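Remarks on the overall topology
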Amino acid sequence: MARKNIDGLSYGLLLGGLVLLLLAAIVVVTGMGYMKIPFSEVIRMIGEAAGVLSATKVDPVLPVVIFDVRLPRIMTSVMVGGGLALSGVVFQGILLNPLADPYTLGVSSGAAFGAALALLFNLTFWGAYSVTLCAFVGALITLLLVLRLAGSDGGGLSSNNLILAGVIIAAILSAGISLIKFLADEQVAVIIFWLMGSFASRTWADLLLVAVFALPGMGLILYYSRELNLLSLGERAAASLGVDTRRVTMILLVAATLVAAACVSVSGIVGFVGLLIPHLVRGVVGPDNRRLAPIAFLVGALLLLSADTVTRTLLPREVPIGVLTALIGGPFFCYIYQRRLKG
Amino acid sequence: MSLLSCKNLTFTYRRKRVIEALDIDLEAGFFYAILGPNGCGKTTLIDLLAGHLSPDSGSVSLQGRELSRFSRRELARKIALVPQFYNINFPYTAAEIVMMGRYPHLSRFAAIDAGEKERVKAVMQATDIVSLGPRPVTELSGGERQRVVFARALVQDTPILFLDEATANLDINHTLKLLGLVKRNVKEKKQTVVAVFQDLNLAAACCDRFILLHQGRVVVQGELDKVLHPEPIAKVFGVEAKVYEDPCFGRKQIIFKHP
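So, how was this worked out
- Residues numbered from 1 in each chain as written.
- Chains lettered and ligands numbered in written order.
- Predicted model: local features only at pLDDT ≥ 70, side-chain atom pairs only at ≥ 80, totals over all residues.
- Helix = DSSP H or I, 4+ residues; strand = E, 2+ residues; numbered from the N terminus.
- Rg over C-alpha atoms; globule rule 2.2 N^0.38 Å.
- Buried ≥ 20, exposed ≤ 12 C-beta atoms within 10 Å, placed from the backbone.
- Contact = placed C-beta atoms within 7 Å.
- Axes fitted to C-alpha atoms, helices over the stretch in contact; angles between N-to-C directions.
- Parallel < 35°, antiparallel > 145°, perpendicular 65-115°, else oblique.
- Left-handed = near helix turned anticlockwise from the far one by under 90°.
- Nonpolar A, V, L, I, M, F, W, Y, C, P; charged D, E, K, R; others polar.
- Expected span 1.5 Å × (residues − 1).
- Pairing = 2+ DSSP bridges.
- Core = buried A, V, L, I, M, F, W, Y, C linked by C-beta atoms within 7 Å.

1. Quick look at the overall build of chain B
Check the secondary structure of chain B and you find nine helices and twelve strands. Relative to the 2.2 N^0.38 estimate, which gives 18 Å for 259 residues, the radius of gyration of chain B is 19 Å and therefore close to what a compact globule would have. Counting only C-alpha atoms, chain B reaches 55 × 45 × 35 Å along its principal axes. Counting over 259 residues, chain B shows a buried share of 41%. A separation threshold of at least 6 residues defines the contact pool for chain B, and within that pool the share at least 24 residues apart is 65%.

2. Description of the overall build of chain A
If you tally the helices and strands in chain A, you get 14 helices and zero strands. The linear arrangement of helices and strands in chain A, starting from the amino end, is α-α-α-α-α-α-α-α-α-α-α-α-α-α. Against the globule reference of 20 Å for 343 residues, chain A gives a C-alpha radius of gyration of 21 Å, in line with a compact fold. Judged by the C-alpha coordinates and their principal axes, chain A covers about 65 × 60 × 40 Å. Counting over 343 residues, chain A shows a buried share of 48%. Long-range pairs, those at least 24 residues apart, make up 76% of the contacts in chain A between residues at least 6 apart in sequence.

3. So, the packing of helix α8 (residues 204-223) of chain A against helix α11 (residues 245-267) of chain A
Residues and elements named next belong to chain A. Contact pair α8 / α11: the axes reach a minimum separation of 9 Å and the direction vectors enclose 160°. When the interaxial angle is binned, α8 and α11 end up roughly antiparallel. Handedness of the α8/α11 crossing: left-handed. Across from D206, L209, V210, F213, A214, G217, L220 and I221 in α8, the residues of α11 making contact are L252, A255, A256, L258, V259, A262, C263, S265 and V266. Partitioned by chemical class, the residues of the contact of α8 with α11 number 14 nonpolar, two polar and one charged.

4. Here we look at helix α13 (residues 289-314) of chain A
Each turn of an α-helix holds 3.6 residues, which means side chains three or four residues apart point in the same direction. Compared with the 38 Å implied by 1.5 Å per residue over 26 residues, the 35 Å span of α13 of chain A between its first and last C-alpha is a close match. Among the 26 residues that make up α13 of chain A, 21 are buried, leaving the element largely enclosed by the rest of the structure.

5. Describing unusual backbone geometry
A positive phi angle is found at K190 of chain B, which is not glycine, with a value near 60°. On the secondary structure map, K190 of chain B appears in the loop between α6 (172-189) and β8 (192-196).

6. Quick look at the sheet that holds strand β2 (residues 16-26) of chain B
All names here are of chain B. The four strands are arranged β2-β1-β4-β5 in an open sheet whose pairing can be described as antiparallel. Strands with a single pairing partner mark the edges of an open sheet, and in this sheet they are β2 and β5 (65-66). Relative to strand β4 (residues 57-62), strand β1 (residues 4-13) is paired through five bridges, and the arrangement is antiparallel. Looking across to β4, one finds that K7 is bridged to S59. Sheet contacts for helix α1 (residues 42-49): β1, β2 and β4; angle to β1, the most-contacted strand, approximately 125°.

7. Focus on the sheet that holds strand β7 (residues 160-164) of chain B
Residue and element names in this part refer to chain B. The strand order across the open sheet formed by six strands is β6-β7-β8-β3-β9-β10, and the pairing between neighbours is mixed. Among the strands making up the open sheet, the edge pair consists of β6 (79-82) and β10 (217-223). Along the sheet, successive strands turn relative to each other by an average axial angle of 15°, direction set aside. As judged from the four bridges shared by strand β3 (residues 31-35) and β8, these two strands associate in the parallel manner. Each residue of the ladder has a partner; that of F31, found in β8, is V193. Helix α5 (residues 142-155) contacts β6 and β7 of the sheet and is inclined by roughly 175° relative to β6. Those strands touched by helix α9 (residues 230-237) are β9 (209-214) and β10, and its axis lies near 155° from that of β10.

8. Focus on the interface of chain B and chain A
In this assembly, 22 residues from chain B lie in contact with 20 residues from chain A. Among the elements of the structure, α2 (72-78) and β6 of chain B are those that each provide at least two residues to the side of chain B that touches chain A. Examining the composition of the side of chain B that touches chain A, we find that three residues originate from one element, α2 of chain B, more than from any other.

9. Side note on the nonpolar core
A262 and A296 of chain A together with V98 and A195 of chain B are the most contacted members of the largest nonpolar core, which has 180 residues in total. For this core, the element with the most residues is helix α3 (residues 61-94) of chain A, which contributes 14 residues. If sequence neighbours within four positions are ignored, A195 of chain B has contacts with Y32, A33, I34, L163, A166 and C207 of chain B.

10. Topic: the pairing of β10 of chain B
All names here are of chain B. Bridging between β9 and β10 involves six bridges; their strand directions are antiparallel. Looking at β10, one finds that I211 is bridged to Q221. What sits between the antiparallel neighbours β9 and β10 is a turn of two residues, in which Q215 has the positive phi angle 50°.

11. Here we look at helix α1 (residues 8-31) of chain A
All names here are of chain A. For α1, with 24 residues, the first-to-last C-alpha span of 35 Å sits near the 34 Å given by 1.5 Å per residue. Of the residues making up α1, those classed as buried are I26, V29 and T30. Check the buried side of α1 and you find it contacts α2 (39-49), α3 and α13. At the exit of α1 stands G33, carrying a positive phi of roughly 140°.

12. Considerations on the packing of α3 of chain A against helix α12 (residues 273-285) of chain A
Residues and elements named next belong to chain A. In the contact formed by α3 and α12, the axes pass within 7 Å of each other and the chain directions differ by 70°. Of the possible angle classes, the one that applies to α3 and α12 is roughly perpendicular. The element α3 and its partner α12 pack so that their crossing is right-handed. Contact with α3, carried on its side by G81, L84, A85, S87, G88, V89 and Q92, involves V273, G274, L275, I277 and P278 of α12 and no other residues of that element. Here the residues of the contact of α3 with α12 are counted per class, giving seven nonpolar, five polar and no charged.

13. As for the pairing of β1 of chain B
Residues and elements named next belong to chain B. Across seven bridges, β1 lies against β2 in antiparallel orientation. Across the sheet, residue F11 finds its bridge partner in β2, namely I19. Counting the residues in the hairpin turn of β1 and β2 gives two residues, including R14, whose phi is positive at 50°.

14. So, the environment of I328 of chain A
Among the secondary structure elements, I328 of chain A is positioned in helix α14 (residues 321-342). A C-alpha to C-alpha distance of 8.9 Å links I328 of chain A and F272 of chain A, two positions 56 residues apart in sequence.

Written out as structure tokens, the structure reads:
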């Protein structure tokens, strides 16, 4: 069956529509929660904070709820959703596998190990951000180990080597996490809760950590999108079409891993977003990464924002976000997989 | 001066000598065949000559300049490759894949102008894949996909073209059509083509010069009569061969018998 690429105009409309939808969703969702705030009020408060609207006298609780509690959490979930989807786009392209995800190289296990260590030893030398930063450092060390192991043959970091190295390192780290849980006595509940993921009481600093990697990461991926397209045809094809494969693979892999590491560090392990979103969006806009990356980012952001809103406001008790995405994403993934098998 | 040459080329993979002390000179405007049994180093030789692998010792030079001193992009404007394996996991359309052959000539964010589109269309017509254009390559048959990748290499418009068993999955019509196209480029544009063949008769029908490899070394190289001769064929492939002039088309053909 022929595939008709969506043309430039439809693509522009899709992109613009998603941006508007995301902005609208942020406003709507900010009004939702234990304390209901009318949308007009939310818009007015944001307008005032941005200096667009002149200040009026309001209930002093409102700014605290909106700016200190809800918006940091909401914006963090938006950025993490977008970041994970973006990272998934890169991993699927480089590993030549439409079903790879940001955690394929074991970043999530590394982050979890770092966080578990921090929780076990009650590390507090970085204040409230100790766990987040330990998770981030854990993810980075994992990346270095995986690259070192996968590159031992001196070749061009083949996708098989990378996946295998990721699986090996992740398995060792999982055993390490189990050991920490075993040793952790009363701390074990905190560790398990962290691993299941949550956006509860996230701050502007959390958002900043993710944004610092996710936004430049988007720029880098758009800059190298042509190379990424060629790399997704295989290393030999990419090389013969002029791509310095080892260098570009390294740059994109490190960038995507940094984005994923920042996401995991602030949110815990949120599965299926990085796997499903790029896959689904590719079905609509086609495999060209220059088009794929921005749309995947927006859809991922919208999806995780919705999931977090469900658990924050609609469910009687807050279910960990990682559990929720896996519960929804898992069966959906089964469905996609089955469709693939049927052709 | 030769266009592409290698001196004392040696390559080892996992402690096994794959290519040993090879000297080859390729001149512009000829159609070369690389022949030899499975595992004799044909694909490795192509990868070394195209700069995808770097030799352990010895050197490859293109127009007198060491290959390692070219950037990948510069090389992609000089050398195109139709590989033996060409699995594509993502649903790019055939037309998109062919267009990628122009990337080495276009700057990163350049819009694709009408001239470029025209050039791609002409090659797609010549290779008989216009009807495949809007279809995802993941849904094409092996032979169709091979024609798409072949077209991509032609669109790259390079002075040197490597074919690594590039017609292995094609029907006889498309095999002859594509090789005929390549042969015309050799004659008219002075393109240099280096092709790995399993089918000695197909090589005999297309090529001007022949390089026979065995265990990583050149056994014999030169013109047809010298290389496609019962003696080296027996030595390399271990089969009896007889070379005769085919009475219908007046070409040298070889028949084989397993001893």
